[in-house]
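A structural walkthrough
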Amino acid sequence: MGGKNSAKHKGKKSGKPQQSRARAAEAAGNDFRSADFTSSYVLGHGTMNTYLQQYAPVPTALDALPQPPVGFTGREDDLAHILGVLDPDRSGEGPAVAVLSGWGGVGKTTLACTAGHAAQRRGWFTGVLLVDLRGYDRQPAQAEEALEALLRSLGVPHEHLPPPGAGREALYRSQLNARQEKGQRLLVVADNASAVAQVQPLMPPGHHGMLVTSRHRLTGLGRMRTVNRLQPEDAVTLLEAALRNNDPDDPRIGEDPKAAERLASACGYLPLALQITAALLAQDPEQPLSERADALGGAEGILDGLDDGERSLRTTFDQSLERLTPQERDLFRLLALNPGPDISTPAAAVLADQPRPATERLLARLAASHLIERTATARGRWQMHDLLRAYANEQATAAMDRGRAPRRRYDQAHDRLIHHYVQHAEAANTHLAPPGSPVSARFTDRDQALDWFDAERENLMATAHTSPQAALQLSSALGAYLKWRRHLRDNVVVNALALDACTKLNNTRNKATVWNNLGGALLEFRRFEDAVHALETARDLYQQAGNTKREATAWNNLGGALQELRRFDDALHALETARDLYQQTRDTNGVADAWNNLGTALQELRRFDDALHALETARDLYQQTGDTHGEAGAWDNLGNAYGDLRRFEDALHARETARDLYQQAGDTHGEADAWNNLGTALQKLRRFDDALHAHQTARHLHQQTDNTQGEATAWNNLGTALQELRRFDDALHALETARDLYQRTGDTQGEAIAWNNLGTTYRGLGRADEAVVAGKQAAAMLATTRDWFRAGEAWGELATTLAAAGADTVHVREAWEQSAQAYTQAGANEEATASQEHANSPKITEAQPPAGTDQPEMDVASESG
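Counting of residues starts from 1 at the beginning of each chain's written sequence and follows it residue by residue. Residues qualify for local features only when their pLDDT is at least 70, as the model is predicted, and side-chain atom pairs are given and counted only at 80 or more; totals for whole chains, interfaces and linings, by contrast, use all residues. Side-chain metrics rest on all non-hydrogen atoms present in the structure, leaving aside hydrogens and water.

Right, let's talk about the overall build of the protein for a bit. For the purposes of this entry, the term helix denotes a DSSP run of H or I that reaches at least four residues, the term strand denotes a run of E that reaches at least two, and both are numbered from the N terminus. Counting secondary structure elements, the protein contains 37 helices and 10 strands. The buried label applies to any residue whose accessible area, calculated with a 1.4 Å probe on protein chains only, is under 20% of its type's maximum; exposed applies above 50%, and partly exposed to all values in between. A burial count over the protein gives 54% of its 865 residues as buried. For the protein, the proportion of contacts with a sequence separation of at least 24, taken over those separated by at least 6, is 65%. About 38000 Å² of surface is accessible on the protein, with carbon and sulfur atoms providing 46% of the total. Whether two residues are in contact is decided by their heavy atoms: any pair within 4.5 Å suffices. The Shrake-Rupley method, run with a 1.4 Å probe, gives the accessible areas here. Residue values count only the displayed protein chains as cover.

Below, the structure written as structure tokens:
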């Protein structure tokens with residue numbers, strides 16, 4: 001092929017690396033430089049003289065590269081990397097050698113063949129030499145055997161070969177040098193290598209290129225590249241191509257794309273597993289993809305389903321395992337005992353009952369074999385692909401089945417690991433306790449404890465499922481962390497497991513505590529009725545046991561749940577009881593918690609002065625105990641109280657103080673709430689641009705912590721700020737997003753507030769009919785939640801919308817009367833009187849402000865308890 005990259009224009013003389021190799025061969029008594037052995041026989045060896053006799057030419061085999069299988073896809077970046085290494089015009093020094101590593105079945109050979117063909121199409125090589133080193137067979141090919149195969153491909157007959165050793169290597173290099181001088185450039189593909197020693201003698205001199213594939217990371221040969229599993233969409237594409245290769249009319253992928261995605265996932269996005277699966281589906285053309293996916297979806301027997309009679313994933317894994325040392329094989333099996341998705345080096349050392357440095361070396365060797373891999377997010381953590389994990393489980397089960405001693409050893413290893421997780425969780429939890437509580441020296445501070453919790457959360461949750469005792473211990477150790485990081489579903493799950501554990505273990509002593517913790521978790525998870533039941537059960541059990549301090553906690557949590565159900569009088573009674581019991585037990589921090597929650601209940605009852613007193617008391621008590629986090633919550637709630645009293649500058653100061661304290665405490669969720677509330681305070685001061693920034697910051701932080709409820713609130717308040725800036729289209733987007741997020745979380749009250757604000761926005765956009773629909777929806781939903789004050793606001797908004805739309809006077813008057821009634825039920829007499837005056841006005845359609853004037857929208861304030 002022509003062109004500037006054509007191989008025939010690249011016949012450069014070999015450089016220093018080639019010369020040094022030649023000198024080494026000469027020192028060994030062999031120098032075949034510039035010799036052509038295509039039709040020659042070696043008569044002498046081991047002396048300074050070589051005698052040659054000419055024979056007939058022998059054909060060469062320089063087109064050995066097979067075509068890649070059908071469906072090659074998803075390797076664009078890998079292919080670009082390889083071609084960049086093989087490019088004869090590449091910049092930089094070093095040989096044109098690419099080393100591809102990855103675990104068995106990931107598609108290294110296919111990638112190498114594809115890259116070789118792509119390079120040939122570009123005219124970079126005049127031929128390709130391919131040798132299978134069988135690195136993972138029971139008897140891998142030796143370098144001398146590989147050299148023999150390569151020399152024969154170059155046209156040297158068997159009887160003309162030097163004996164194994166330096167002479168054979170020298171002849172190989174001489175052959176390649178001779179071809180280079182003729183303007184030829186060859187690509188050597190060394191497939192399936194398991195050791196550097198297999199490959200090193202095959203390294204081509206001069207400007208020739210080389211591709212190496214291995215399940216190990218082979219260093220010191222060339223540019224390394226790890227080949228990973230396919231992306232999900234590429235895996236489905238490969239599956240479809242393989243199916244259509246057998247039957248071009250196979251419709252199954254197109255008919256059931258969801259099942260195809262499940263099937264690709266069950267195959268671990270591994271090309272070999274996908275090819276095997278396609279072959280099995282081709283053998284049974286009537287089998288639905290969903291049936292095949294279900295068969296592979298179970299953890300047990302998945303490897304049995306990835307065997308088509310000719311190819312077996314289990315056999316591929318067996319070959320890799322056999323290459324390991326006994327210590328490496330043992331650790332690989334033990335890693336299957338870890339209940340979670342990854343493991344740290346210290347935990348692996350506990351599992352193996354070995355010193356940490358020795359364990360780390362074994363882990364590194366397993367990673368070099370691609371049987372495990374380092375996690376992308378943290379150094380010192382290791383993970384295993386799902387299919388390899390299934391294989392490791394098989395291996396561990398087989399080891400345990402060999403007798404009592406191996407089973408006892410594996411059971412002891414498992415128990416050590418569970419104990420490690422529980423002990424560390426309990427130690428980390430001490431750093432999240434109120435100030436003044438003793439802390440474990442296992443962690444230096446709260447940040448380190450939180451970092452450990454973050455890294456191990458999934459392992460800890462999986463550990464809680466391993467035994468009733470582990471569930472009981474971890475429910476107590478994880479609660480504060482899961483609430484702090486807003487892993488609310490996990491908190492419900494671990495406490496439900498603990499409750500089951502109490503029953504199984506007949507543990508009545510801890511049952512009240514577990515009911516209390518479950519109630520608190522359900523409260524955070526917005527399952528308020530269930531939370532009330534759990535907390536009333538806990539309260540009664542504490543009363544029966546005479547545990548006054550714990551009873552106070554149950555009353556306090558019960559007050560919070562009753563508030564969410566808008567049973568404010570009942571909540572007030574519960575919180576006053578909690579406060580009094582805390583005072584009896586001299587629990588200052590508990591008293592502060594009760595006062596703080598009392599303040600929010602009094603706000604809902606519109607007893608603003610009493611609420612202010614309660615919250616200032618809570619703030620002062622938190623300051624006395626040094627509880628920065630509790631103080632931040634009190635300041636945040638004080639901002640609500642000051643706002644209700646129209647002390648907006650004081651509210652702003654309170655919000656800013658809360659934000660700063662949450663930042664100091666490292667509570668991102670609390671900080672996000674404070675930013676959101678700060679934005680509301682800024683809106684009251686008509687600083688709308690600043691408010692916009694505050695709400696956007698809150699939204700970003702809630703997204704960071706995956707707090708959908710908080711994000712919805714931030715979007716809602718962002719919408720009201722955009723309304724004030726008369727950016728109605730942007731406001732519409734924000735409020736529709738808020739509404740949808742509230743729907744997702746099941747927050748009826750939040751959704752109703754978003755509907756109310758949407759009505760105001762539609763009115764600003766002149767979309768009167770939609771504004772009326774939104775207003776009616778808001779008023780109806782707020783009535784069902786018994787939020788009478790906001791229902792009064794919503795009816796007033798609807799009356800304004802109806803008047804602006806030119807609706808019948810009767811309908812406008814009815815809306816104002818509904819507003820007055822709702823305000824009356826809320827105890828908001830001043831607001832009720834104003835609404836009734838609108839209803840009684842003789843010029844009712846002129847009694848409300850026109851659209852776009854300073855009509856207050858509904859902001860949502862976050863309360864801190």
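On we go from here.
The next point concerns the nonpolar core. Nonpolar cores are built from buried Ala, Val, Leu, Ile, Met, Phe, Trp, Tyr and Cys residues. Side-chain atoms within 4.5 Å join them into one set. Core analysis: the largest hydrophobic core is formed by 109 residues, its most contacted members being L211, L313, L335, F453 and L478. Grouped together as the second largest cluster of nonpolar side chains are 48 residues, V492, V532, A571 and A618 included.

Note on method: axes are straight lines fitted to C-alpha atoms, helices fitted across the in-contact stretch only, with angles between N-to-C directions ranging 0 to 180 degrees. It is at 8 Å that the axes of helix α21 (residues 511-524) and helix α22 (residues 528-545) come closest, and there the two elements cross at 155°. By the angle between their axes, α21 is roughly antiparallel relative to α22. As α21 packs across α22, the resulting crossing turns out to be left-handed. For the pair formed by α21 and α22, the contact residues are K511, A512, T513, W515, N516, G519, G520, L522 and L523 on the first element and F528, D530, A531, H533, A534, L535, T537, A538, L541 and Y542 on the second. Each residue gets one of three labels, nonpolar for Ala, Val, Leu, Ile, Met, Phe, Trp, Tyr, Cys and Pro, charged for Asp, Glu, Lys and Arg, and polar for the others, Gly among them. Residues of the contact of α21 with α22, tallied by class, amount to 11 nonpolar, 6 polar and 2 charged. Roughly parallel means an angle under 35 degrees; roughly antiparallel, over 145; roughly perpendicular, 65 to 115; everything else is oblique. A crossing counts as left-handed when the near helix is turned anticlockwise from the far one by less than a right angle, and as right-handed when that turn is clockwise.

Bringing unusual backbone geometry into the picture now. One non-glycine residue with positive phi stands out, namely R526, at about 70°. With a phi angle near 60°, R786 is a residue other than glycine that sits in the positive phi range. Judged by its relative accessible area of 51%, R786 falls in the exposed class.

Computed over the protein atoms alone on a 1 Å grid, cavities are sets of points where a 1.4 Å probe fits but cannot get out and pockets are open sets with protein on both sides within 12 Å along at least five of seven lines; a residue lines them when it has an atom within 4 Å of a point. Grid points are joined across faces, edges and corners, and a volume is the space filled by probe spheres set on the points. All told, the structure shown has 3 cavities of 30 Å³ or more when counted by the stated rule. If you go around the largest cavity, the residues you meet are L335, N338, G340, P341, D342, I343, I372, W382, Q383, M384 and R389. Counting residues per element, the ones that place at least two in the lining of the largest cavity are β8 (342-344) and β10 (381-383). Partitioned by chemical class, the residues of the lining of the largest cavity number 6 nonpolar, 3 polar and 2 charged.

Atom-level detail of predicted coordinates should not be read off regions where pLDDT is low. Mean pLDDT for the protein: 88, with 90% of residues reaching 70 or above. pLDDT: the predictor's confidence for each residue, scored from 0 to 100. Throughout residues 847-857 the model reports pLDDT below 50, and contacts reaching past four residues in sequence, or to other chains, amount to 22 contacts.

Sheets are built from strands paired through backbone hydrogen bonds, the pairs being either parallel or antiparallel. Taken in spatial order, the 5 strands of this open sheet run β4-β5-β6-β3-β7, and their pairing is parallel. Each edge of the sheet is formed by a strand with only one pairing partner; in this case those strands are β4 (127-132) and β7 (223-226). Here the average twist between neighbouring strands, direction ignored, is 15°. When DSSP finds two or more bridges between two strands, those strands count as paired. Relative to β7, strand β3 (residues 96-101) runs parallel, the two being bridged by 4 bridges. When the bridges of β7 are listed, A98 appears paired with R223. Relative to strand β6 (residues 209-214), helix α3 (residues 108-121) is tilted by about 165°, and along the sheet it contacts β3, β4, β5 (186-193) and β6. On top of the sheet, helix α4 (residues 143-153) reaches β4 and β5; it is set at about 150° to β4, its chief contact.

Turning our eyes to something else, we now look at the packing of α4 against helix α5 (residues 166-181). How two helices pack is summed up by the angle between their axes together with the distance between the axes. Packing of α4 against α5 brings their axes to within 10 Å, and their N-to-C directions diverge by 35°. Both α4 and α5 take part in a crossing whose hand is left-handed. For the pair formed by α4 and α5, the contact residues are E144, L147, E148, L150 and L151 on the first element and R168, E169, L171, Y172 and Q175 on the second. By residue class, the composition of the contact of α4 with α5 is 5 nonpolar, 1 polar and 4 charged.

Attention now moves to the pattern of salt bridges. By definition, a salt bridge exists where a carboxyl oxygen of Asp or Glu is found within 4 Å of a side-chain nitrogen of Lys or Arg. Within the structure shown, the criterion is met by 42 salt bridges. Its salt-bridge partner being D78, residue R75 comes within 3.8 Å of it at the nearest N-O pair. Judged by relative accessible area, which is 9%, D78 ranks as buried. Note that R767 is salt-bridged to E770, the shortest N-O span being 2.6 Å.

A few words on the environment of N246. With respect to the helices and strands, the residue N246 is situated in helix α7 (residues 232-246). Sequence separation between N246 and L281 is 35 residues, and the spatial gap between their C-alpha atoms is 9.8 Å. Two N or O atoms count as a polar contact when they lie within 3.5 Å, although within protein this holds only if one can serve as hydrogen donor and the other as acceptor, and sequence-adjacent residues are included solely when both atoms are side-chain atoms. Side-chain polar atoms of N246 contact the backbone oxygen of A242, separated by 3.0 Å.

A few words now on helix α35 (residues 788-804). A helix is expected to span 1.5 Å for every residue after the first. The terminal C-alpha atoms of α35, which comprises 17 residues, lie 24 Å apart, in line with the 24 Å expected from a rise of 1.5 Å per residue. For α35, a buried count of 14 out of 17 residues is recorded, marking the element as mostly surrounded by other parts of the structure.

With that settled, the discussion passes to the packing of aromatic side chains. The description of an aromatic ring pair rests on the distance of the ring centres and on the angle between the ring planes. Any two of the Phe, Tyr and Trp rings considered here, Trp counted by its six-membered ring, make a pair once their centres fall within 6.5 Å; the pair's planes then place it as stacked at under 30 degrees, edge-to-face at over 60, or tilted in between. Tallied over the entire structure, the rule returns 7 aromatic pairs. Ring plane angle 65° and centroid distance 5.3 Å describe the contact between F789 and Y823, whose orientation is recorded as edge-to-face. Highlighted residues: F789 in helix α35 and Y823 in helix α36 (residues 809-826), separated in sequence by 34 residues. Each of the two residues, F789 as well as Y823, counts as buried. Here a set of aromatic residues connected by ring pairs shows up, and it is made of W103, F317, F332 and Y391. One residue, R539, lies across the ring of W555, its end atom 4.8 Å from the ring centre. The ring centre of W675 lies 4.8 Å from the NZ or CZ of R659, which sits over that ring. As a reminder, the over-ring test applies to NZ of lysine and CZ of arginine, requiring each to be within 6 Å of the ring centre and within 35 degrees of the ring normal.

Let us look at the sheet that holds β10. Read across the sheet, 3 strands follow the order β8-β10-β9 without closing on themselves; strand pairing throughout is antiparallel. Lying at the two open borders of the sheet, with one neighbouring strand each, are β8 and β9 (373-374). Judged from the 2 bridges that link them, β9 and β10 form a sheet pairing that is antiparallel. Residue pairing for β10: R374 is matched across the bridge by W382.

Residue placement: E751 occurs in helix α33 (residues 748-764). One buried charge, E751, has no salt-bridge partner; the nearest side chain with opposite charge is R739, at 6.2 Å. When sequence neighbours within four positions are dropped, the list of residues in contact with E751 reads R739, Y742, Q743 and M781. When charges are counted, neither His nor the chain ends are considered; positive counts come from Lys and Arg and negative counts from Asp and Glu.

The next point concerns the environment of L685. Along the chain, L685 falls in the loop between α29 (668-684) and α30 (688-704). Using a relative accessible area of 23% as the deciding quantity, one classes L685 as partly exposed. Sequence spacing of L685 and L652 is 33 residues, and the spatial spacing of their C-alpha atoms is 8.8 Å. What L685 contacts, discounting residues up to four positions off in sequence, is F648, E649 and L652.

Mapped onto the secondary structure, A197 falls in helix α6 (residues 196-199). Here the alpha-carbon distance between A197 and A143, two residues 54 residues apart in the chain, equals 7.2 Å.

Our focus in this paragraph is the pairing of β5. Within β5, 8 of the 8 residues are buried, which leaves the element mostly enclosed by the surrounding structure. Note: β4 against β5, 6 bridges, orientation parallel. From the neighbouring strand, D132 faces β5, where its bridge partner is D191. Bridge count for β5 against β6 is 5 bridges, and the pairing is parallel. Along β6, the bridge assignment pairs A190 with V212.

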